[in-house]
Amino acid sequence: MNKTYQSLYLFLITIVVLSSCKKFDESINTDPNNPTTASGTQLIANAEMYLPDISSSPFGVHYPQYLSNTSFTDNSRYVTTNFNFYSMYYGPLINLENVITNSELNASEGPVANQIAVAKILKAYFMWTMTDRWGDLPYSEALKGSTNFNPKYDTQHSIYKSLFVLLDEANATIVTGNLKNDIVYGGDVAKWKKLGNTIHLLMALRLSKVDEATAKLEFNKALANGIMTANTDNLAYPHLAEQKNENYWYNSFTRLGRNWFAVSQPIVDYMKPLNDPRLPVFANKNTAGDYVGLPYGLPSATTVIINNFSLLGDAIRQQNSPVYLVTYAQALFAKAEAAKRGWTTEAGDVAAKANYDLAIEQSIRQWNKNDASGVAAYLLNASVQYNPTRALEQIGTQRWVHLFMHGYEGWAEWRRTGYPALSPAPANNGIQIPRREGYPTQERANNTDNYNAAVAAFPYGGSDDLNARVWWDKP
């Protein structure tokens, strides 16, 4: 079923309440097809179906230069400026808000406290990814339906503070008892608890340039509450071997026959000399039997001989290939950076190196079906071996490799750290890599005053384009 229709249908069933007719027996008066209590877990499941959209994007993969276009190169040249966020509000966010605010959730689907906690974790995750793309967004006045069609834009700073609170609430209220209808974790609330705290940890790290005191405080709080401890804790959306639930890249390459995406020259040129065991997963060999990345941001008139370059790897674009969103290796890279920055009780280079090495191992295991046979040799590369004088660069670059295909997350971390050094597409967007995405053009007419106020309040100035910076992206 189309996700929009699913969302509308599930929203409707949450508000339909049948009036009882006193002259009939209760069993006759109850319509089993129109429940009087909301199905919180079905609303959560519908919201989960939007998760792969956070990663599987023909735009996001280009900002951190994971892929290059073989044709129709506009996306890798930053031609599109404005992006629509409406579907996230009327899709997953309204569903999750209905779970959080509904007082009549069905306890037979799992403890009500856990339904609400999971909805809060997902709401925080969706809003985090959104504010990192656009900056200030409607939040405190959003999702109010007909009572407010013109919500104000909250600052990204205030959104981050609110999301930390939301995640604290979720962590504190989870109880024993699993949930029904959960697509990603099979209802295992212990994994949801770890996910919420891992999201909290990663959000805290994002503030390293703009508010280090808060970043350190929130990071250690999340760490103490319990984060992911294995790849089995990863948030990975499980696509199925069926058309209605298939991987985005399978649809693009196989169903539509669009060989439009090659692995970029920057990432192949980094991985290939190191004999990185993840490269055969990320990329196919060309017809000459070699890994060759496609130069990034080619002019639209360029003719690319596809067979000369490495297309996106087959393993990543199977019909049922998972989409990795929040991972154990990500958390380990964050712990390595925090230790190097002196944030944690295990601060210093010994702890940083231990977490860095383990992060690389777990990344290789994640991408290579738990095969760690190439880890030892990879860690012997001189440029990979932990070096205290280059540690933040090494951590940032290895994180960039690990986040392959999770373009918006890789882009966010590149904006924060500057690692690795990337060159923009030539002669486009003022020869700059984008720092944010522009608001939907519809907002200029639909929410004019609040839109104008948001643009005027950009923390570092600028226009509603790709070059203004979000709050935590301090120059």
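Residues numbered from 1 in each chain as written. Predicted model: local features only at pLDDT ≥ 70, side-chain atom pairs only at ≥ 80, totals over all residues. Heavy atoms only, no water.

S.K.: Please give an account of helix 17 (residues 407-417) that cites residues and values.
M.R.: Because each turn of an α-helix spans 3.6 residues, side chains separated by three or four positions end up pointing in the same direction. Counting buried residues along helix 17, 10 of its 11 residues qualify, which places the element largely inside the surrounding structure. Residues of helix 17 that are buried: Gly407, Tyr408, Glu409, Gly410, Trp411, Ala412, Glu413, Trp414, Arg415 and Arg416. As for helix 17, its buried residues are in contact with helix 4 (51-55), helix 6 (112-134), helix 8 (189-205), helix 13 (328-341) and helix 16 (391-402). Two residues or fewer after helix 17 comes Gly418, characterised by a positive phi angle close to 80 degrees. (Buried < 20%, exposed > 50% of the residue type's maximum accessible area, 1.4 Å probe, protein only. Helix = DSSP H or I, 4+ residues; strand = E, 2+ residues; numbered from the N terminus. Contact = heavy atoms within 4.5 Å.)

S.K.: Which residues make up the packing of helix 3 (residues 40-48) against helix 5 (residues 86-101), and what values go with them?
M.R.: The N-to-C vectors of helix 3 and helix 5 enclose an angle of 160 degrees; their axes lie 8 Å apart at closest approach. Classified by the angle between their axes, helix 3 and helix 5 sit roughly antiparallel to one another. Crossing of helix 3 over helix 5 shows left-handed handedness. Contacts between helix 3 and helix 5 involve Gly40, Leu43, Ile44, Asn46 and Ala47 from the first element and Pro92, Asn95, Leu96, Asn98 and Val99 from the second. (Axes fitted to C-alpha atoms, helices over the stretch in contact; angles between N-to-C directions. Parallel < 35°, antiparallel > 145°, perpendicular 65-115°, else oblique. Left-handed = near helix turned anticlockwise from the far one by under 90°.)

S.K.: Can you tell me about the pattern of salt bridges, naming the residues and giving the values?
M.R.: This structure, assessed with the given rule, holds 28 salt bridges. In this structure, Arg341 and Glu337 form a salt bridge, with 2.9 Å as the shortest nitrogen-oxygen distance. Highlighted residues: Arg341 and Glu337, both in helix 13, separated by 4 residues, approximately one helical turn. The exposure class assigned to Arg341 is partly exposed, which follows from its relative accessible area of 32%. According to the relative accessible area criterion, Glu337 is buried, its value standing at 3%. A salt bridge links Asp473 to Arg435; the nearest nitrogen and oxygen atoms lie 2.8 Å apart. (Salt bridge = Lys/Arg side-chain N within 4 Å of Asp/Glu carboxyl O.)

S.K.: Can you explain empty space enclosed by the protein? Please cite residues and give values.
M.R.: The tally for this structure, following the rule as stated, stands at 5 cavities of 30 Å³ or more. Here the largest cavity defines a volume of roughly 100 Å³. The wall of the largest cavity is formed by 14 residues, among which Thr129, Asp132, Arg206, Tyr408 and Glu409 lie closest to the centre. Taken together, the residues of the lining of the largest cavity break down into 7 nonpolar, 2 polar and 5 charged. (1 Å grid on protein atoms, 1.4 Å probe; cavity = no way out; pocket = protein on both sides within 12 Å on 5 of 7 lines; lining within 4 Å. Points joined across faces, edges and corners; volume = space filled by probe spheres on them. Nonpolar A, V, L, I, M, F, W, Y, C, P; charged D, E, K, R; others polar.)

S.K.: Residues and numbers for the packing of aromatic side chains, please.
M.R.: Tallied over the full model, the rule gives 28 aromatic pairs. With a centroid separation of 4.9 Å and 85 degrees between ring planes, the pair formed by Phe59 and Phe83 is classed as edge-to-face. With Phe59 in the loop between helix 4 and strand 1 (67-69) and Phe83 in the loop between strand 1 and helix 5, this pair connects stretches of sequence that are 24 residues apart. Judged by relative accessible area, which is 22%, Phe59 ranks as partly exposed. These aromatic residues form a ring-pair network of at least three members: Phe85, Tyr86, Tyr89, Trp134, Tyr153, Tyr439, Tyr451 and Phe458. Directly above the ring of Tyr408 sits Arg133, whose terminal nitrogen or CZ lies 4.0 Å from the centroid. The cationic tip of Arg436 hangs over the ring face of Tyr439; the distance from NZ or CZ to the ring centre is 4.7 Å. (Phe/Tyr/Trp six-rings, centres within 6.5 Å; stacked < 30°, edge-to-face > 60°. Lys NZ or Arg CZ within 6 Å of the ring centre and 35° of its normal.)

S.K.: Report on the packing of helix 6 against helix 7 (residues 156-173), specifying residues and quantitative values.
M.R.: Packing of helix 6 against helix 7 brings their axes to within 9 Å, and their N-to-C directions diverge by 155 degrees. Regarding the angle of helix 6 to helix 7, the classification is roughly antiparallel. For the pair helix 6 and helix 7, the sense of crossing is left-handed. For the pair helix 6 and helix 7, contact is made by Ala113, Asn114, Ala117, Lys120, Ile121, Lys123, Ala124, Met127, Trp128, Thr131 and Asp132 and by Gln156, Ile159, Tyr160, Leu163, Leu166, Leu167, Glu169, Ala170 and Thr173, respectively. Class assignment of the residues belonging to the contact of helix 6 with helix 7 gives a composition of 12 nonpolar, 4 polar and 4 charged.

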